[in-house]
Structure formats: structure tokens, C-alpha cells
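# A closer look at the structure
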Amino acid sequence: MKRILTIQDISCVGKCSLTVALPIISAFGIETAVLPTAVLSTHTMFKGFTFRDLTNDMRPISEHWKNEKIGFDALYTGYLGSFEQIQICSEYFDDYKTNDNLIIVDPVMADNGKLYPGFTQEFADNMAKLCGKADIIVPNLTEASFMLHEEYVSEGYDEQYIKDKLKSLCKLGCKVAVLTGVSFEKGKLGVYAYDSSADKYYSYYNVHLPVSFHGTGDIFASALCGALTKFNDLEKALKIAVDYTVESIKVTLDNPNHVTYGVEFENALPFLIESIK
Ligand code: PXL
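Residues numbered from 1 in each chain as written. Predicted model: local features only at pLDDT ≥ 70, side-chain atom pairs only at ≥ 80, totals over all residues. Heavy atoms only, no water.

Of all the eight residues making up strand 10 (residues 188-195), six are buried; the element is thus mostly covered by neighbouring parts of the structure. With six bridges joining them, strand 9 (residues 176-182) and strand 10 adopt antiparallel strand pairing. By the bridge assignment, Leu 179 is partnered in strand 10 with Tyr 192. With antiparallel pairing between neighbouring strands as the criterion, strand 9 and strand 10 make up a hairpin whose turn holds five residues, including Gly 187 at a positive phi of roughly 90 degrees. Of the pairings in the sheet, the one linking strand 10 to strand 11 (residues 200-207) comprises eight bridges and is antiparallel in character. What sits directly across from Val 191, in strand 11, is Tyr 204. (Buried < 20%, exposed > 50% of the residue type's maximum accessible area, 1.4 Å probe, protein only. Helix = DSSP H or I, 4+ residues; strand = E, 2+ residues; numbered from the N terminus. Pairing = 2+ DSSP bridges.)

Written out as C-alpha cells, the structure reads:
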């Protein structure tokens, strides 16, 4: 069985990071090893959340795994809380990278033109360096703008603008850059990717549902990791991950009692499993 290591926080309630990555990657029939970076009572969009930092456990855990000769088919990092955690992830990449495995970085730190609470431009610059060591990165347009020191443009851009951004992102050092939340046409939303090693672009769109839910980025990134690890086919993986994310939002909207902090991705897991058969 293939094994992915995902490095991010546990937000006990709030459906993001590890509580999303674990079930979604498992649905691909892939073992999900976890390195929790912190335990929070909820994600940081709630008021008054508790926070226990686990940074000091991250290096000893790796030492044990190295003694046990444990390896991974992919390493996937999400929300990270400090410069030191970025540095430790960089060390994990050095220690666990092989010729065959994938390093996937989702530089979670911003959306809608703004950094999340607690993040700074300096953090974005450090995250850009971590992205440089990845095979694949999956920023949204806001995160890309911060990492590239470019102005954030929310709409009205053309295809050339996105292609140029993707090339700039690959110049950070990664092989493949995937921009999420790309839209050229009202009612359609999707992803645009550039594989610098093959000099090839890929894009895939689905409907743009007129809602915004917390955690959809983590759903997309987790599904993309699972699909890339299982099929090693970027075009196919983009389609699987976009369609699953959209289906998760659709089934959430079907429930009149849904809450804004959590997409009901659980009810779309049968759809995901069907789509990878
Ligand atoms: O969904 C990304 C995420 C993950 N973990 C924590 C967060 C967020 C987004 O705000 O607060 C703790």
C-alpha cells in the first residue's frame, strides 16, 4: 500500500487540515501518516480558539522514523504556523525525498487578497522558499501574489496573465505549479497548471457555485495528493480533485442546515471513490 505523510495542524473542530486530509487520502486506498504541527480547538476563523504547539516533537518523530527506515510515496504540507515549522518541513524534504516520491506544498496562508491572521510578508517569503523545494505547489491567486511580490488581481485577467504567473511560480524552484480559483468566464471556476519539466500547461474547470466555504482548499489539495500519488497523471488528478471539491460543495448546499465553517465532504466520498475506479 502506498503511504503519504501529511504535515499540518489538527483543528479539532472546523473541518480543515488533518481532519480533511486523513479521510480523503484514505479514500484513495492510500495510507495516511500524519505529523501534527499543533492542536487547536478549532481553526483560526473561530474566536477564542486554544492552541498547543507541537514544533518540539517534529524533529524527534523524524529521528524515530529514520531509525525505523520508514519512507513515503508523497509528502504533503499544508497550514504551517511558524518559521521554524517551515524550516523543519524543509529538513523533512531533505531526509525523505527519493527519485520516485512527490513533494506537494500547499502554501496555506491567504485568500481573497489578504493574509490569514498571524501571517506576514516575511512568512510568505519563507513559504516561497519551501515551495522551491517541492515537486508540486498549489497556491491560490492571493498566495501566489504574496510569494511573488506582485499585486493581487481578483478578476479581469487573461490566460497569458495566468501563464506568466505559473512560470514565475516555477522559477521559485518547483517542477509543477497549480493555481487554484482561476476563472476566465462567469459561472466557471477551476485550476490552471504548468509543468515546467515538460513545458506544458493544463487547465480544468467546473461550475462556479456562488458560495465560499472554509476548508475547500484543503479538500482540493488532499484529493490532488491522493490522485497524483495513485495515478501519477497531472491532468487526471486535476479533474478528480476539482470535481470532488465541487461535488462536496453541492452536497453541502443540498442540506438546508449546513454550517459555513465546514463543507460536507464526507457525503461526497462515495462520489470520489466512484471517480477513481
Ligand atoms: O484551511 C486552512 C487552515 C488550516 N488550519 C488552520 C487554519 C486554516 C485556515 O484558516 O486556521 C488552523
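Another aspect to go through is the packing of helix 5 (residues 141-148) against helix 6 (residues 159-170). Contact geometry for helix 5 and helix 6: axes closest at 11 Å, N-to-C directions at 55 degrees. The angle between helix 5 and helix 6 places the two elements in the oblique class. Pair helix 5 / helix 6 crosses with left-handed handedness. Only Ile 162, Lys 165, Ser 168 and Leu 169 of helix 6 make contact with helix 5, whose side of the interface consists of Leu 141, Ala 144, Ser 145, Met 147 and Leu 148. When its residues are assigned to classes, the contact of helix 5 with helix 6 shows six nonpolar, two polar and one charged. (Axes fitted to C-alpha atoms, helices over the stretch in contact; angles between N-to-C directions. Parallel < 35°, antiparallel > 145°, perpendicular 65-115°, else oblique. Left-handed = near helix turned anticlockwise from the far one by under 90°. Contact = heavy atoms within 4.5 Å. Nonpolar A, V, L, I, M, F, W, Y, C, P; charged D, E, K, R; others polar.)

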